[in-house]
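Secondary and tertiary structure notes
Read off the chains here:
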Amino acid sequence: MSLCPSRHCPALSSVAALATSLALLLPFDASAQAQEPRQQVLTTGLANAWAIAPLPDQRFVLSERAGKLWLLDAQGQKQAELTGVPSVAYGGQGGLLDVVADSQFASNRRIYFCYSEPETAAGTNSTALASARIAAGERQLEDVKVLFSQRPKVKSSAHFGCRVAEARDGTLFLSLGDRYSQRQDAQTLDNHHGKLVRIAKDGSVPGDNPFTSQKNALPEIYSYGHRNSQGLTMGPDGQLWMHEHGPQGGDEINRPQPGRNYGWPVITYGEEYGGGKIGEGTQKAGMEQPLHYWVPSIAPSGMVFVTSERYGAAWKGSLLVGGLKSRSLVRLEIKDGKVAAEQRLYTGTGERIRDVRQGVDGLIYLLTDGPDGKLIRLQPRP
């Protein structure tokens, strides 16, 4: 059996890379396979929905790329549109993207959302992160503040990144794409393209960020050498996990560490669209190897750990990743901080999965992508 089911598979250049590919072939045991939950469609007709943020009272906030933010009830039905969203550069991959609730939402009613921020005069745009409070009447946002704006702005409708995660210390991580046309910027520290940044909730730079004292480096940068990440989540151990789109092949999962270089576009397990080598190969000194990668691509979007016991012991601790190109939900078994096995779920539904979240009820919610998107709750089997 070939280790890479694609003619575009790059050569495996090390024992570590071979082990990673072999991990893709390891099946789950029969008891784990039997636990595949039943899909319950809660809502249809969502217009290019991008993110779903569970709230403490079992309601949700949902974003649609055209710039609409919705409050949903506990059954996933639209309760009210939240006005006051800043203007977004809607088009291509841009628009209103990720949204998360503050860890203290029950007392402060604050959310964070990222979006493609336009600069009208120059026709350029970039990824921005804002905070806002849901007003008492639950019809609008108030105290809207732009906490961060990616620099420089460029003319592009692609690779915004734009996933947000709150760490245990209250700081915010934001993934930033390389904007497609600026991929070489991912290797330099004087810009925000192809970076993971870390800021405080007031937009200030934490003093322990890795590049705060380095000349000609932007202090918000936490790690670099990324391509286009649409998945961030905090693991059960409090560590950040991240996935990112490769080009043609080479989607990655990483656990970003401060100051580390994750290689794009110098090293990658993918290749140019239509064929052709990118960079220098799959490994280089001083650049991190992915924890896990996919060839061919699944086009990952959304990611969450299952921390509840609603789906039984086999699922608890699993990492769930949405697949756009693969049109599936990917479940990864994590052992000792590494991916031990992979399972593809719901492959026959034809749905592009844009976001994956765990609700306060311990259940998993999927958001599908498209002009007639769905919000789906995964119900455990009896």
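As the structure is a prediction and not an experimental result, all values here were calculated from the model. By convention here, each chain's residues receive numbers from 1 onward along its written sequence. Per-residue local features of the predicted model are confined to residues with pLDDT of at least 70, and side-chain atom pairs are confined, for both listing and counting, to 80 or more; whole-chain, interface and lining totals are unaffected and use all residues. Excluding hydrogens and water, the side-chain figures rest on all heavy atoms present in the structure.

Here the focus is the nonpolar core. Counting residues in each nonpolar core, the largest one holds 36 residues, and the members touching the most others are Val61, Leu69, Phe113, Leu129 and Leu141. We call two residues contacting when some pair of their heavy atoms lies within 4.5 Å. Dropping the residues within four chain positions of it, Val61 is found in contact with Ala51, Ile52, Ala53, Leu55, Leu69, Trp70, Leu71, Leu82, Val99 and Ile134. Nonpolar cores are built from buried Ala, Val, Leu, Ile, Met, Phe, Trp, Tyr and Cys residues. Side-chain atoms within 4.5 Å join them into one set. Relative accessibility decides the category of a residue: with a 1.4 Å probe and only protein chains considered, values under 20% of the type maximum give buried, values over 50% give exposed, and everything between is partly exposed. Within the second largest apolar cluster, 26 residues are counted, among which are Leu42, Trp70, Leu72 and Leu329.

Moving on: the sheet that holds strand β8 (residues 124-134). Two strands are counted as paired when DSSP detects at least two bridges linking them. A run of DSSP states H or I qualifies as a helix once it reaches four residues; a run of E qualifies as a strand once it reaches two. Both are numbered from the N-terminal end. In space, the four strands of this open sheet follow the order β6-β7-β8-β9, with antiparallel pairing throughout. Each edge of the open sheet carries a strand with a single partner, namely β6 (96-101) and β9 (141-149). Strand-to-strand twist across the sheet, computed as the mean angle between neighbouring axes with direction ignored, equals 25°. Sheet topology places strand β7 (residues 110-119) next to β8; 10 bridges connect them, and they run antiparallel. The residue of β8 that forms the bridge with Arg110 is Arg133. Where helices are involved, their axes are fitted lines through C-alpha atoms of the stretch in contact, as for all axes, and angles between N-to-C directions lie from 0 to 180°.

This part covers the layout of surface pockets. Here the largest pocket is characterised by a volume of approximately 890 Å³. The rule is simple: put a 1 Å grid over the protein atoms alone, call a set of points where a 1.4 Å probe fits but cannot get out a cavity, call an open set with protein on both sides within 12 Å along at least five of seven lines a pocket, and count a residue as lining if it has an atom within 4 Å of a point. Considering the residues around the largest pocket, the lining is formed by 34 residues, among which Ala101, Glu166, Thr233, Met234 and Gln358 are closest to the centre. Secondary-structure elements contributing two or more residues to the lining of the largest pocket are β6, β10 (161-166), β14 (231-234), β18 (300-305) and β22 (353-358). Partitioned by chemical class, the residues of the lining of the largest pocket number 17 nonpolar, 10 polar and seven charged. Grid points are joined across faces, edges and corners, and a volume is the space filled by probe spheres set on the points. Roughly 370 Å³ of internal volume is contained in the second largest pocket. All residues other than Ala, Val, Leu, Ile, Met, Phe, Trp, Tyr, Cys, Pro, Asp, Glu, Lys and Arg, Gly among them, are scored as polar; the first ten of these are nonpolar and the last four charged. For the lining of the second largest pocket, the per-class residue count stands at seven nonpolar, 10 polar and six charged.

The subject of this paragraph is the environment of Leu375. In this fold, Leu375 is placed in strand β24 (residues 373-379). Judged by relative accessible area, Leu375 falls into the buried class, the value being 0%. Spatially, the C-alpha atom of Leu375 lies 32 Å from that of Lys155, the residues being 220 residues apart in sequence. Apart from residues no more than four positions distant in its own chain, Leu375 is found in contact with Gln40, Val41, Leu42, Thr43, Leu46, Ile52, Leu72, Gly76, Tyr365, Leu366 and Leu367.

Glancing now at the environment of His243. Here His243 lies in strand β15 (residues 240-244). Placed 47 residues apart in sequence, His243 and Pro290 show a C-alpha to C-alpha distance of 9.3 Å. Excluding its chain neighbours within four sequence positions, the residues that come into contact with His243 are Ser229, Gln230, Gly231, Glu252, Ile253, Pro300, Ser301, Gly302, Met303 and Val321.

Taken together, the four strands give an open sheet; going across it, the order is β18-β19-β20-β21, and neighbouring strands pair in antiparallel fashion. The sheet is open, and its two borders are formed by β18 and β21 (338-345), each paired with just one other strand. Within the sheet, the average angular offset between the axes of one strand and its neighbour, ignoring direction, is 25°. Across four bridges, the pairing between β18 and strand β19 (residues 319-323) is antiparallel. The partner of Val304 across the bridge, within β19, is Leu320.

Every residue is assigned a pLDDT by the predictor, reflecting its confidence on a scale from 0 to 100. Confidence in the prediction of the chain, expressed as mean pLDDT, is 92, and 91% of residues score 70 or more. In this model, residues 1-26 is a region of pLDDT below 50 whose contacts with residues beyond four sequence positions or in other chains number 40 contacts.

Along the chain, Thr268 falls in the loop between β16 (251-254) and β17 (292-294). Among the polar contacts listed, one links the side chain of Thr268 to the backbone nitrogen of Gly270, at a separation of 2.9 Å. Residues contacting Thr268, with those up to four places away along its chain left out, are Pro247, Ile278, Gly281 and Thr282. Distance and chemistry together define a polar contact, namely a pair of N or O atoms within 3.5 Å, with one atom able to donate a hydrogen and the other to accept it when in protein, and with adjacent residues in sequence counting only for side-chain atoms on both sides.

In this section: the pattern of salt bridges. A pairing counts as a salt bridge when a side-chain nitrogen of Lys or Arg comes within 4 Å of a carboxyl oxygen of Asp or Glu. This model, assessed by the stated rule, comprises 26 salt bridges. The closest approach of N and O atoms between Arg198 and Asp208, which form a salt bridge, is 2.8 Å. Taken together, the positions of Arg198 in strand β12 (residues 195-199) and Asp208 in the loop between β12 and β13 (221-224) put the pair 10 residues apart, joining distant regions of the chain. In this structure, Glu309 and Lys316 form a salt bridge, with 3.2 Å as the shortest nitrogen-oxygen distance. It is possible to trace a salt-bridge network through shared partners that takes in Arg110, Arg133, Glu142, Asp143 and Lys145.

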